[in-house]
Amino acid sequence: MSFVGKGLMLALSAVLLLVGTFQLLAAIYRLPSVQAVQLALTLESVRDESYERALRNLQRSFSFYEHRRTTAEIGLLHQNKGDNLRQQDERDALFELSRDAFRHSLRLSPVQPVVWYILAEMAFVQEANDVAARAFDWTMRTGHNVAHLQRQRALLGVALWNDLAEETRAKLIPSIVPTLRRDGDLLASIAVDGGVSEDLGRRLRQWRPDGWVIAAEFAVAAASYRQSQLDQFGPGEPDDMRRLLAATSILVTTGMPLLGEAMTVHDYMTISRGEDPDRDPDSVNEYLLGVLDALLVLSDFNQREGEPVFCMPQQDLLNYDLIGFRVTFDSMLEQFERELPQFDTLARTRSVGLAALQLLAILHPCDE
């Protein structure tokens, strides 16, 4: 190797050694701030002395090596401190410091969905919905499938719904569906207050494979919230609401039977076929009647709300033939048992309520 080549190699080695030293020093200075940052990430309040100490160490770390993570953590600490202040001017000042740090981090790397989400949340708290929506568009664009942001983004996204890009709304539905199952009342109240429940219900109905069930659950939660906002019930409404809540209890058990009283399809077929020595085959009639009653009330309610799951003639609502329905219901289950390769798994994890609702949707479609 020539003298010039050796000189270049030595210079490159010196540069790499210097960069490595700076990175090592930056990492050492970051260590004392780890606990405070973790608290901020879990939304726990960081004590004043911990905030000051962590901030000081992160700033020293950043002075040695400008890493996007370090300045993002500085922004997170400012945001956490601001969230726990009552004085609006002090809170806004800390939010501005937080935004500056986050923006610096995003200049180093824009692909940071968590940072974009926090920016959206801060803008929303300050009632700057246009700014919040643009940041929210970016959190979805840079990582719409980040699992640990699912619930927060579903709730904030519904609150910002009308200001979001259409692409963002479409990407948000996979986060809204599981959030609806866990926090249905909260999500429905946000949608109703924002005037977006109709649009959201329409999109949920298009979800596969159980969109019509999910949309029904959402419609019930939204209706329950609207009813709770009234100062008092009108004549007869308390009973209607109790029956509507009974319908809800049927619907929330459409997946795994979370409630003890939810009868699975497997249990139903075992009893109705006389394979359960402790239960008479006709004992399922009473349970099936309760399911039908709840679902027919739900149907009537949803038709009046303009969001029907199935559409039955009014005269049939008042006098539905239970025996005829059971014969058809049993035939449908037998057909599924013959044709579906995973029927046994489905039968053990799906409730009679879901299967009955599916049959009613087939027997009484709303598109005729």
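Structure shown above.
Residues numbered from 1 in each chain as written. Predicted model: local features only at pLDDT ≥ 70, side-chain atom pairs only at ≥ 80, totals over all residues. Heavy atoms only, no water.

(A) Molecular detail of the overall build of the protein. Scanning the protein from terminus to terminus reveals 18 helices and zero strands. Classification of the 368 residues of the protein by burial places 43% in the buried group. Within the protein, contacts between residues at least 6 apart in sequence are counted, and of these 68% link residues at least 24 apart. (Helix = DSSP H or I, 4+ residues; strand = E, 2+ residues; numbered from the N terminus. Buried < 20%, exposed > 50% of the residue type's maximum accessible area, 1.4 Å probe, protein only. Contact = heavy atoms within 4.5 Å.)

(B) Region of the structure containing the packing of helix α8 (residues 150–159) against helix α9 (residues 166–193). Viewed as axis vectors pointing N to C, α8 and α9 meet at an angle of 60 degrees, and their least axial separation amounts to 8 Å. Considering their axes alone, α8 and α9 lie oblique with respect to each other. Our pair here, α8 against α9, has a crossing hand that is right-handed. For the pair formed by α8 and α9, the contact residues are Gln 150, Arg 151, Arg 153, Ala 154, Leu 155, Gly 157, Val 158 and Ala 159 on the first element and Leu 172, Pro 174, Ser 175, Ile 176, Pro 178, Thr 179, Arg 182, Asp 183, Leu 186, Leu 187, Ile 190 and Ala 191 on the second. When the residues that make up the contact of α8 with α9 are grouped by side-chain class, the tally is 12 nonpolar, four polar and four charged. (Axes fitted to C-alpha atoms, helices over the stretch in contact; angles between N-to-C directions. Parallel < 35°, antiparallel > 145°, perpendicular 65-115°, else oblique. Left-handed = near helix turned anticlockwise from the far one by under 90°. Nonpolar A, V, L, I, M, F, W, Y, C, P; charged D, E, K, R; others polar.)

(C) Main features of the packing of helix α7 (residues 129–143) against α9. Put simply, α7 and α9 touch, their axes get as near as 10 Å, and they point 55 degrees apart. Judged on the interaxial angle alone, α9 and α7 are oblique. Along this stretch, α7 crosses α9, giving a crossing that reads as left-handed. Taken together, the residues of α9 that come into contact with α7 (itself represented by Phe 136, Asp 137, Met 140 and Arg 141) are Thr 168, Lys 171 and Leu 172. Classifying every residue of the contact of α7 with α9 by side-chain character gives three nonpolar, one polar and three charged.

(D) Structural context of the pattern of salt bridges. Within the structure shown, the criterion is met by 15 salt bridges. Between Asp 100 and Arg 103 there is a salt bridge, with its nearest N and O atoms 3.7 Å apart. Taken together, the residues Asp 100 and Arg 103, both in helix α5 (residues 88–108) and three residues apart, mark about one turn of the helix. Among the salt bridges present, the one from Arg 326 reaches Asp 282, with a minimum N-O distance of 3.4 Å. Remark: Asp 282 occurs in the loop between α13 (265–272) and α14 (284–305) and Arg 326 occurs in helix α16 (residues 322–339); sequence separation between them is 44 residues. Overlapping salt bridges bring together Glu 166, Arg 169, Asp 199, Arg 202 and Arg 203 as one network. (Salt bridge = Lys/Arg side-chain N within 4 Å of Asp/Glu carboxyl O.)

(E) Focus on the packing of aromatic side chains. Tallying each qualifying case throughout the model produces three aromatic pairs. With centroids separated by 5.4 Å and ring planes inclined at 20 degrees, the aromatic side chains of Trp 116 and Trp 138 adopt a geometry described as stacked. In this pair, Trp 116 sits in helix α6 (residues 113–125) while Trp 138 sits in helix α7, placing the two residues 22 residues apart along the sequence. With relative accessibility at 34%, the residue Trp 138 sits in the partly exposed group. A centroid spacing of 5.8 Å and a plane angle of 15 degrees characterise the contact between Phe 325 and Phe 329, whose relative ring orientation is stacked. Of this pair, Phe 325 and Phe 329 are both found in helix α16, four residues apart, which corresponds to roughly one turn of the helix. Per residue, the accessibility class of Phe 325 equals that of Phe 329, and both read buried. (Phe/Tyr/Trp six-rings, centres within 6.5 Å; stacked < 30°, edge-to-face > 60°.)

(F) Spatial organisation of the nonpolar core. With 45 residues, the main nonpolar core has Phe 136, Ile 176, Leu 187, Leu 200 and Leu 204 as its most contacted residues. For this core, the secondary-structure elements that each account for two or more residues are α4 (68–83), α5, α6, α7, α8, α9, α10 (197–205) and α11 (211–229). The dominant element in this core, judged by the number of residues it contributes, is α9, at nine residues. Val 213, Ala 216, Met 263 and Leu 288 belong to the second largest nonpolar core, which has 30 residues in total. (Core = buried A, V, L, I, M, F, W, Y, C linked by side-chain atoms within 4.5 Å.)

(G) Local environment of unusual backbone geometry. Positive phi values are uncommon outside glycine, yet Glu 127 reaches one of about 65 degrees. Relative to the helices and strands, Glu 127 resides in the loop between α6 and α7. The exposure class of Glu 127 is exposed, given its relative accessible area of 69%.

(H) Fine view of α7. Helix length check: α7, at 15 residues, gives a terminal C-alpha distance of 21 Å against a target of 21 Å (1.5 Å per residue), a fit within 8%. Of the surrounding secondary structure, the elements contacted by the buried residues of α7 are α6, α8 and α9. (Expected span 1.5 Å × (residues − 1).)

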